Amino acid sequence: STQSTGTFVDIDSREVYSLSNQKLTLLSGQLRNVNAAIAAIQNMESELRRELRKLSGEQVSQLAAAGGVVDSSATRQISAPTPSTATRGKTKSFSVEDREIRIFLSSPFKDMQEDRDDIMKRALPQLRKMCMERDVVLNCIDLRWGVTLAQTSAASTLLMCLREIEKCTVFIGIWGERYGWAKSKSGKSPLDQLLNKAFEVAEKEYPWISEYSDRSVTEIEMRMVLEDRHSGKPKRAWFFLRDPYYIEHVPQDQKSNFSSEGDHEQKKLSVFKAELHTSKHPVKIYHRPSHLSELFLTEISEYINTRFPADTKLSALESERFKHKTFARILTQNYLAKEQYFNDLDKYVSKAQRESTPLVVSGDPGSGKSALLANWVSRYTDHHPEDIVVPIFIGCSPSSTHYGLLLHRLMDDVNDQLGLNSFDLPDESDTKAVVSEFPRWLERVVKQHSSGRRLVFVLDGISSLDKRENAMDLVWLPTYFPSSVKVIISTSPGVCLEALRRRNYSILGLEPLEEGERKSFIRSFLSRVSKRLTDKQELTIAENSKTSNPRFLSVLLDDITIFGAFEALDDRIARCLNAANTSELYSIVMERIEGDFDKKNSGVVVALLSLIWTSRRGLYLDGELNELLGLRGFEIHEWSSLIVILEDKLYSSGGLINFSDADVKDAVYSRFVRTPEKEKELHKELALFFSKLELGDRKVDELPYHLYKCEE
């Protein structure tokens, strides 16, 4: 634990070290790692030589022809690495930020509601899908209601916007005929005084804006990029100008919202638009909101293709690590640390044992188990860079939900961090061999290669494993581990927890959030997207007992961040808080998604979610879900982006799309299925579909289930 005097305490020995001693300890650990890597290479060379001596002359010749390097004795041949092993121990080191695209939307608000909505609800889901396929994180900052009355009164609006522009990598400027918030011609109105104050506050960090004190906030935002007045990440920028004739199609009673504020403002806007056309950045003209989203989609798609080409994907291990890092990063952005939980985890890892047994973190669904472990891992790896830590968040990637693939990932990751090749590991598809080899591999690594370093395995959400092959009984998981191997497992109440209790493992239980913690969580969550509630709104949410469950609170906050109209936010909050539980809250959210996505009432949202609900273990996207929706008359372009919109409510297990948790499944039933008659009808539909497939695992798994459910 850190002391104010610049010293630290070793938990095991209770000795106090100076900072210089701490540095020496770290360097010593790094030197041991280098020595261990050298020893590993030598051991591997010896093993290869022993194996190669067993080969016949013909086999040696075949190996040489395939690309091996053979010396004069042939029996001392060392094979060139295969593509699958060539990069072992050399996987790329990158942060999530290296693979992040952060978009800032800048425009006046009053005349741009529909234009922004089309980008957020139609173009962005398709871009997110593209980014997901390439292991890229995409975020879009939309500040329509994120500027509260309190922030406006405190004159922090402009400062907050400029700070967000600093962080973005892509800037999108959109203009119609309105100039936005600027000083009036007289300069003496109350709003003028407030804007003067906003400039005073922002000038402390961005003194250059004093040159443009008579311009609108929107122009200031755009000039920051136009004139490279930022010190943040390099930025790509596009400017989109709406055709002035668009106003002819606006209803008469709304025309004032789309017309220029006056001659004074119109002149300033005309001058700035002319300047845009002479800049280095692309300027596009659009004719209607849907045209804007089409242009936006085209331009950003090309940008993604250039920066992250489809043919330069990460390796399998890099991709898997990236998915887990991305998932963990989201959890670390909105978390209030409970030091007691952190201390309990630290004590477990540092405790000396002859044989190590796992520590179980338990709590109700949505109680914050994943967030705790993600934040603890982040802190622990910073404090203990010498240890080997492998965090696996079950459900955040397809391969993480099968216990055999999970064990193989642990072996592969540790081998990579130790600089060992993994060619001698069993094939990941041979589950029986993987389970059998895992404890032997672990003993070998600890004795021969770890040099006393701890191995820390974090298995979050073990109750979310694929339930096939009796995975929930945990017979695949060793009961005991070597003393230097620490295993932390999180689970919700149920079969897995009972199996772990029977092993007499220690259990760390999580408690509900207290009111003060909820307030801090609300502010932390919303600050991530540069939004803030009024004090009254914040109190209304925090004092409601249902928000003591972090999942309920997160779902509510996530919903209102997408809600475009700040004026109606109080009603939206009240409606969400009227939900009896998280399942009912999800149902309210799905009603909004259905309204936003399916404006033509085609029934595509109902169809997709009810089909997934009906399946036994989920549906494959290709060959099942697309075929079933096609039989109902839906083309893939009508629903593919819906999968992305629902990404936090779904997960993929080996390609099978299913619901992320039981609350989502219950919500789908209550909103879209509702009756036993409808349920039976859906099971008949899937029974007919699977009856026409060739005999195979999927038909055997699904068809009898649906026949039973529809009583046929």
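What comes next concerns the included structure. (Residues numbered from 1 in each chain as written. Predicted model: local features only at pLDDT ≥ 70, side-chain atom pairs only at ≥ 80, totals over all residues. Heavy atoms only, no water.)

Digging into the overall build of the protein
Okay, so step 1: Of regular secondary structure, the protein possesses 27 helices and 17 strands.
Okay, so step 2: Sequence-distant contacts, at least 24 apart, represent 75% of the contacts inside the protein between residues at least 6 apart.
Okay, so step 3: Total accessible area on the protein stands at roughly 34000 Å², and carbon and sulfur atoms take up 51% of it. (Helix = DSSP H or I, 4+ residues; strand = E, 2+ residues; numbered from the N terminus. Contact = heavy atoms within 4.5 Å. Areas by Shrake-Rupley, 256 points an atom, 1.4 Å probe, with all protein chains shown as cover.)

Let's talk about the sheet that holds strand S10 (residues 388-393)
Okay, so step 1: Pairing is parallel in the open sheet, where 5 strands are placed in the order S10-S11-S13-S9-S14. Here the strands that pair on one side only, and so sit at the sheet edges, are S10 and strand S14 (506-509). Across this sheet, the average inter-strand angle for adjacent strands is 15 degrees, counted without regard to direction.
Okay, so step 2: As judged from the 6 bridges shared by S10 and strand S11 (residues 455-460), these two strands associate in the parallel manner. Each residue of the ladder has a partner; that of Ile 392, found in S11, is Leu 459. (Pairing = 2+ DSSP bridges. Axes fitted to C-alpha atoms, helices over the stretch in contact; angles between N-to-C directions.)

Section: the packing of aromatic side chains
Okay, so step 1: Applying the stated criterion to the full structure yields 13 aromatic pairs.
Okay, so step 2: Plain terms: the ring middles of Trp 208 and Tyr 212 are 6.4 Å apart, the flat faces sit at 70 degrees to each other, and that makes the pair edge-to-face. Like Tyr 212, Trp 208 is buried.
Okay, so step 3: Judged by centre distance (6.2 Å) and plane angle (55 degrees), the rings of Tyr 246 and Phe 258 are tilted. Within this pair, whereas Tyr 246 is found in the loop between strand S6 (236-242) and helix H8 (255-258), its partner Phe 258 is found in helix H8, the two being separated by 12 residues in sequence. For the pair Tyr 246 and Phe 258, a shared accessibility class is recorded, and that class is buried.
Okay, so step 4: Sitting above the plane of the Phe 322 ring, Arg 99 keeps its charged end 5.8 Å from the centroid.
Okay, so step 5: Directly above the ring of Tyr 348 sits Lys 486, whose terminal nitrogen or CZ lies 5.7 Å from the centroid. (Phe/Tyr/Trp six-rings, centres within 6.5 Å; stacked < 30°, edge-to-face > 60°. Buried < 20%, exposed > 50% of the residue type's maximum accessible area, 1.4 Å probe, protein only. Lys NZ or Arg CZ within 6 Å of the ring centre and 35° of its normal.)

Quick word on the environment of Ile 588
Okay, so step 1: The residue Ile 588 is located in helix H21 (residues 582-597) in this model.
Okay, so step 2: Along the sequence, Ile 588 and Arg 671 sit 83 residues apart, while their C-alpha atoms lie 8.9 Å from each other.
Okay, so step 3: Discounting residues that sit within four places of it in the chain, Ile 588 has contacts with Arg 572, Arg 575, Cys 576 and Ala 579.

A word on the packing of helix H19 (residues 550-562) against helix H20 (residues 569-577)
Okay, so step 1: It is at 11 Å that the axes of H19 and H20 come closest, and there the two elements cross at 155 degrees. In terms of axis orientation, H19 runs roughly antiparallel to H20. Considering only the axes of H19 and H20, their crossing is right-handed. Here H19 contributes Phe 552, Leu 556, Asp 559 and Ile 560 to the contact with H20, which in turn contributes Leu 569, Arg 572, Ile 573, Cys 576 and Leu 577.
Okay, so step 2: Considered class by class, the residues forming the contact of H19 with H20 number 7 nonpolar, no polar and 2 charged. (Parallel < 35°, antiparallel > 145°, perpendicular 65-115°, else oblique. Left-handed = near helix turned anticlockwise from the far one by under 90°. Nonpolar A, V, L, I, M, F, W, Y, C, P; charged D, E, K, R; others polar.)

As for the side chain of His 230
Okay, so step 1: Looking at where His 230 falls in the secondary structure, it is placed in the loop between helix H7 (217-226) and S6.
Okay, so step 2: On the accessibility criterion, His 230 (18% relative accessible area) is buried.
Okay, so step 3: In contact with His 230, not counting residues within four places along its chain, are Glu 166, Met 224, Val 225 and Lys 235.

Digging into the sheet that holds strand S4 (residues 137-141)
Okay, so step 1: One open sheet holds the 5 strands; their spatial order is S4-S3-S5-S6-S7, and the pairing between them is parallel. In this open sheet, the two edge strands, each paired with only one partner strand, are S4 and strand S7 (283-286). When strand polarity is set aside, the average angle formed by the axes of neighbouring strands in this sheet is 20 degrees.
Okay, so step 2: Across 4 bridges, strand S3 (residues 100-106) lies against strand S5 (residues 170-175) in parallel orientation. If you follow Phe 104 over to S5, its bridge partner there is Phe 171.
Okay, so step 3: In the packing of H7 onto the sheet, the strands contacted are S3, S5 and S6, and the crossing angle to S5 comes to about 140 degrees.

Structural notes on the pattern of salt bridges
Okay, so step 1: Counted according to the given criterion, the structure contains 43 salt bridges.
Okay, so step 2: The residue Glu 164 makes a salt bridge to Arg 102 at a minimum N-O spacing of 3.1 Å. Residue Glu 164 is located in helix H5 (residues 157-167), and its partner Arg 102 is located in strand S3; the two are separated by 62 residues in the primary sequence. The same class applies to Glu 164 and to Arg 102, which are both buried.
Okay, so step 3: Asp 701 is the partner of Arg 617 in a salt bridge, and the nearest nitrogen-oxygen pair spans 2.8 Å. Here Arg 617, found in the loop between helix H22 (604-614) and strand S15 (619-620), pairs with Asp 701, found in helix H27 (residues 697-709); they are 84 residues apart in sequence, far enough to count as distant.
Okay, so step 4: Classification of Arg 617 by relative accessible area gives partly exposed; the value is 23%.
Okay, so step 5: Residue class for Asp 701 comes out buried when judged on its relative accessible area of 12%.
Okay, so step 6: Three or more residues are tied together by salt bridges with common partners; here these are Glu 211, Asp 214, Arg 215, Glu 219, Arg 223, Glu 227, Arg 229, Lys 268 and Glu 275. (Salt bridge = Lys/Arg side-chain N within 4 Å of Asp/Glu carboxyl O.)

Some remarks on the nonpolar core
Okay, so step 1: Ile 541, Leu 556, Leu 557, Leu 608, Leu 609 and Leu 625 are the most contacted members of the largest nonpolar core, which totals 57 residues.
Okay, so step 2: Here the element with the most residues in this core is H22; it accounts for 8 residues.
Okay, so step 3: Apart from residues no more than four positions distant in its own chain, Leu 557 is found in contact with Phe 521, Ile 522, Phe 525, Leu 526 and Ile 541.
Okay, so step 4: Of all hydrophobic cores here, the second largest spans 39 residues; its members include Val 390, Leu 420, Leu 465 and Ala 471. (Core = buried A, V, L, I, M, F, W, Y, C linked by side-chain atoms within 4.5 Å.)

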